Amino acid sequence: MIKVAFASNDRVNVNLHFGAADTLVVYDVSPGYAELLGVGEFVKVNMKGENRFKSLSDEQTNVIDLQLSAEELERLAAKPPEDKVIAKLDFLDGCSAIYAASIGTSSIKRLVAAGIQPIIVGTGQTIEDLLNEVSLALHCGGLSWVERARAKAERTAQAPAAPREAAGGLRLMTSIDELE
């Protein structure tokens, strides 16, 4: 139903900075189910800018919700993209969100301009736990970015998508009762 990406070098934990990530993992998430769609591998890059010496966050999840003005969007469009980010943005086309251990300000603005919700989570958050969180939000509500992504997916869908049970997919939670 919605595509969600993760910056992860082990395909289990979110553990990479978005701009420097050499691996992005993309899942298609429906209530109760997630299917691995693809893994993008990128050339490892050296960090630059003010955040290059910061360690990755161990804090709680931070959802960045930016509203960019038309003037700011025009300024971003005129600025030549950094090579390390443009390839990732192309790979993430159609994704609703990206989870990463850290995301620089410039990349946040570019993600938002591309319609992708940037989400910073503490290092070591598992992809499966985050997929379950998205699955629950698709089924029960509670995350505003998921609500927006679902509405957009429903507007653009030609036929209602039924959950698929494929060999490589994950069965996810759709209710808090399943935690027991």
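Residues numbered from 1 in each chain as written. Predicted model: local features only at pLDDT ≥ 70, side-chain atom pairs only at ≥ 80, totals over all residues. Heavy atoms only, no water.

1. What to know about the environment of Tyr 99
For step 1, the next point in the chain: Secondary-structure assignment places Tyr 99 in strand E6 (residues 95–100).
For step 2, the next point in the chain: Residues Tyr 99 and Val 4, 95 residues apart in the sequence, show an inter-C-alpha distance of 7.9 Å.
For step 3, the next point in the chain: Apart from the residues within four sequence positions on either side, Tyr 99 is in contact with Val 4, Ala 5, Phe 6, Ala 7, Val 14, Ile 119, Val 121, Leu 130, Glu 133, Val 134 and Trp 145. (Helix = DSSP H or I, 4+ residues; strand = E, 2+ residues; numbered from the N terminus. Contact = heavy atoms within 4.5 Å.)

2. Structural notes on the pattern of salt bridges
For step 1, the next point in the chain: One pass over the structure, following the stated rule, counts one salt bridge.
For step 2, the next point in the chain: Residues Arg 11 and Glu 41 are paired through a salt bridge, measuring 3.6 Å at the closest nitrogen-oxygen approach. With Arg 11 in the loop between strand E1 (2–7) and strand E2 (13–14) and Glu 41 in strand E4 (residues 33–41), this residue pair connects regions lying 30 residues apart in the sequence.
For step 3, the next point in the chain: Arg 11 gets classed as partly exposed once you look at its relative accessible area, which sits at 44%.
For step 4, the next point in the chain: Residue classification places Glu 41 among the exposed positions, given a relative accessible area of 61%. (Salt bridge = Lys/Arg side-chain N within 4 Å of Asp/Glu carboxyl O. Buried < 20%, exposed > 50% of the residue type's maximum accessible area, 1.4 Å probe, protein only.)

3. Focus on the packing of aromatic side chains
For step 1, the next point in the chain: Scanning all chains against the criterion turns up four aromatic pairs.
For step 2, the next point in the chain: Geometrically, the ring pair formed by Phe 6 and Tyr 27 is edge-to-face, given 6.1 Å between the ring centres and 75° between the ring planes. Of this pair, Phe 6 sits in strand E1 while Tyr 27 sits in strand E3 (residues 23–30), and the two are 21 residues apart along the sequence.
For step 3, the next point in the chain: Seen in terms of ring centroids, Phe 42 and Phe 91 are 5.8 Å apart; in terms of plane orientation they differ by 80°. Their pairing is edge-to-face. Here Phe 42, found in the loop between E4 and strand E5 (62–63), pairs with Phe 91, found in helix H2 (residues 83–91); they are 49 residues apart in sequence, far enough to count as distant.
For step 4, the next point in the chain: Stacked on the ring of Phe 42, the Lys or Arg Lys 88 has its end atom at 5.3 Å from the ring centre. (Phe/Tyr/Trp six-rings, centres within 6.5 Å; stacked < 30°, edge-to-face > 60°. Lys NZ or Arg CZ within 6 Å of the ring centre and 35° of its normal.)

4. Focus on the nonpolar core
For step 1, the next point in the chain: Formed by 23 residues in total, the largest nonpolar core has its most connected members in Ile 2, Val 4, Phe 6, Val 29, Tyr 99, Val 134 and Trp 145.
For step 2, the next point in the chain: At the level of elements, E1, E3, E6, helix H4 (127–140) and helix H5 (144–156) are the ones that each hand at least two residues to this core.
For step 3, the next point in the chain: At six residues, H4 tops the list of elements feeding residues into this core.
For step 4, the next point in the chain: Setting aside residues up to four positions removed in sequence, Val 4 forms contacts with Val 25, Val 26, Tyr 27, Val 29, Ala 97, Tyr 99, Val 134 and Trp 145.
For step 5, the next point in the chain: Phe 18, Phe 42, Ile 98 and Ile 108 belong to the second largest nonpolar core, which has 19 residues in total. (Core = buried A, V, L, I, M, F, W, Y, C linked by side-chain atoms within 4.5 Å.)

5. Here's the deal with the packing of H4 against H5
For step 1, the next point in the chain: Where H4 meets H5, the axes come as close as 9 Å, and the angle between the chain directions of the two elements is 65°. Here H4 lies roughly perpendicular to H5, going by the angle between them. Pair H4 / H5 crosses with right-handed handedness. In this structure, H4 uses Val 134, Ala 137, Leu 138 and His 139 to contact H5, whose residues at the interface are Trp 145, Val 146, Glu 147 and Arg 150.
For step 2, the next point in the chain: Here the residues of the contact of H4 with H5 sort into five nonpolar, one polar and two charged. (Axes fitted to C-alpha atoms, helices over the stretch in contact; angles between N-to-C directions. Parallel < 35°, antiparallel > 145°, perpendicular 65-115°, else oblique. Left-handed = near helix turned anticlockwise from the far one by under 90°. Nonpolar A, V, L, I, M, F, W, Y, C, P; charged D, E, K, R; others polar.)

6. Some words on the side chain of His 17
For step 1, the next point in the chain: Relative to the elements of secondary structure, His 17 occurs in the loop between E2 and E3.
For step 2, the next point in the chain: Within the structure, His 17 has its side chain in polar contact with the backbone nitrogen of Gly 19 (distance 3.0 Å). (Polar contact = N/O pair within 3.5 Å; in protein donor to acceptor, adjacent residues only side chain to side chain.)

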